[in-house]
Amino acid sequence: MAAPKLSKCLEPNSIIPTDITFIFQSGGPRRTEIKKVKAQKVILAIASDVFEKEFYGDMKETKDEIAIVDASQEVFQAMVDFIYNKQPNWKDFSVSFLCSLYYLGEKYIIGDLKAEIIATISDLKITKEKVLEIAHLAEDNSHHEQLSETLYDVATAVLKSEFKDKVEKVYEFFDEAEFSQVNAVVMFKLMSRLRSVNTLPSQSQCRNCQHTPCLDGQELTRENFVQGARICLVLMEEESWLVWVESMLARLHTVNARFEDADPNAPWFSCNMDMGFCIFKCP
């Protein structure tokens, strides 16, 4: 029964003393702002093996003040609040804030905190305008594999919902974004994820691709090849796909020639990323 009341230890009117203070310094040399987070060592040590070793191990910290330089006071306070069983509304925090909090959960090995953050991010409802922002956070946190994968999944789900299986529309959406090398990397990763997602079934067979569901916008492969179908050819200007990615992924060209006139052994006919690839262009 003590756990639900644990947060009272941090209330201003609590008579239980704190014995450790974390110091946060911000601002420039002329104007320095000092913020603090106070807690009890034993509570932190129960929640985290890292704190346990820091406060009670063979090389324990003897000072009662510790400077923190890799997190803001607000994020660190949120972690301490979680340890003290305060129940935050996770959706009130920005995704960037949650990523910083996840970093602390990783640093101090607080598995429950990490799980809460992953669950919250997984349930995020974002618009397509936020897709690249979320994908950038995923890439920035690539060293936290589970967090990065979850963020990329959220971004991919939005593109999937917005554009269905029409790859051409996704390219057009990306083409409107400001170009940067970082943008190019996250765009490529998003496209790779989209191309691995199965399509939803439809009711009738498409007259162009002769498939159910219709393969409009999907990549042409040897397995789904149909003679006479209309396609778009996604061409790369250089032999390296990385250069292609950095040049905003691709240029789309409508191909009116029929497949029966094409060489089935042509490099672009397969999924060879060094040359380019084709997508179905259904009416």
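Residues numbered from 1 in each chain as written. Predicted model: local features only at pLDDT ≥ 70, side-chain atom pairs only at ≥ 80, totals over all residues. Heavy atoms only, no water.

Participant: Lay out the packing of aromatic side chains with the relevant residues and their values.
Facilitator: Overall, the coordinates contain ten aromatic pairs when judged by the stated rule. Both rings, one in F93 and one in F97, keep their centres 4.6 Å apart while their planes meet at 10°; by these two values the pair is stacked. An aromatic cluster of three or more residues is present, and its members are F22, F24, F51, F55, F76 and Y108. (Phe/Tyr/Trp six-rings, centres within 6.5 Å; stacked < 30°, edge-to-face > 60°.)

Participant: Describe the sheet that holds strand 3 (residues 65–67), and please don't skip the residues or the numbers.
Facilitator: Pairing within the open sheet is mixed, and its three strands lie in the order 2-1-3. Looking along the sheet, the strands with just one partner apiece sit at the ends: strand 2 (32–39) and strand 3. Across the sheet, the mean angle separating the axes of adjacent strands is 30° when strand polarity is ignored. Pairing of strand 1 (residues 20–27) with strand 2 involves eight bridges; the strand directions are antiparallel. (Pairing = 2+ DSSP bridges. Helix = DSSP H or I, 4+ residues; strand = E, 2+ residues; numbered from the N terminus. Axes fitted to C-alpha atoms, helices over the stretch in contact; angles between N-to-C directions.)

Participant: Can you explain a nonpolar patch on the surface? Please cite residues and give values.
Facilitator: The grouping of V42, I46 and Y56 at the surface amounts to a nonpolar patch, some 330 Å² of accessible area in total. Here I46 shows up in helix 1 (residues 41–47). (Patch = residues over 30% accessible without salt bridge, like charges linked within 9 Å, V, L, I, M, F, W, Y side chains within 5 Å. Areas by Shrake-Rupley, 256 points an atom, 1.4 Å probe, with all protein chains shown as cover. Salt bridge = Lys/Arg side-chain N within 4 Å of Asp/Glu carboxyl O.)

Participant: Kindly report on helix 3 (residues 73–83), identifying the contributing residues and their values.
Facilitator: Across the eleven residues of helix 3, nine count as buried, placing the element largely inside the fold. Those residues of helix 3 hidden inside the fold are in contact with strand 1, strand 2, helix 1, helix 2 (49–56), helix 4 (95–107) and helix 5 (111–122). Looking at the residues trailing helix 3, positive phi occurs at N85, about 70°. (Buried < 20%, exposed > 50% of the residue type's maximum accessible area, 1.4 Å probe, protein only. Contact = heavy atoms within 4.5 Å.)

Participant: Could you give me a rundown of the confidence of the model for the chain, with the residues and numbers involved?
Facilitator: Of all residues in the chain, 77% have pLDDT values of 70 or greater, and the mean over the chain is 78. Within the model, the stretch residues 198–203 combines pLDDT values under 50 with eleven contacts to residues more than four positions away or in other chains. Segment residues 236–275 is flagged for pLDDT under 50; beyond a separation of four residues in sequence, or across chains, it makes 96 contacts in the model. (pLDDT = per-residue confidence, 0-100.)

Participant: Outline the packing of helix 4 against helix 7 (residues 145–163), listing residues and values.
Facilitator: When two helices pack together, their arrangement is given by the angle between the helix axes and by the axis-to-axis distance. Where helix 4 contacts helix 7, the two axes come as close as 11 Å, and the packing angle between them is 160°. Taken together, helix 4 and helix 7 sit at an angle that is classed as roughly antiparallel. The handedness of the crossing between helix 4 and helix 7 is right-handed. Contacts from V95, C99 and Y102 of helix 4 reach helix 7 at Q146, L147 and L151. Its residues assigned to classes, the contact of helix 4 with helix 7 shows five nonpolar, one polar and no charged. (Parallel < 35°, antiparallel > 145°, perpendicular 65-115°, else oblique. Left-handed = near helix turned anticlockwise from the far one by under 90°. Nonpolar A, V, L, I, M, F, W, Y, C, P; charged D, E, K, R; others polar.)

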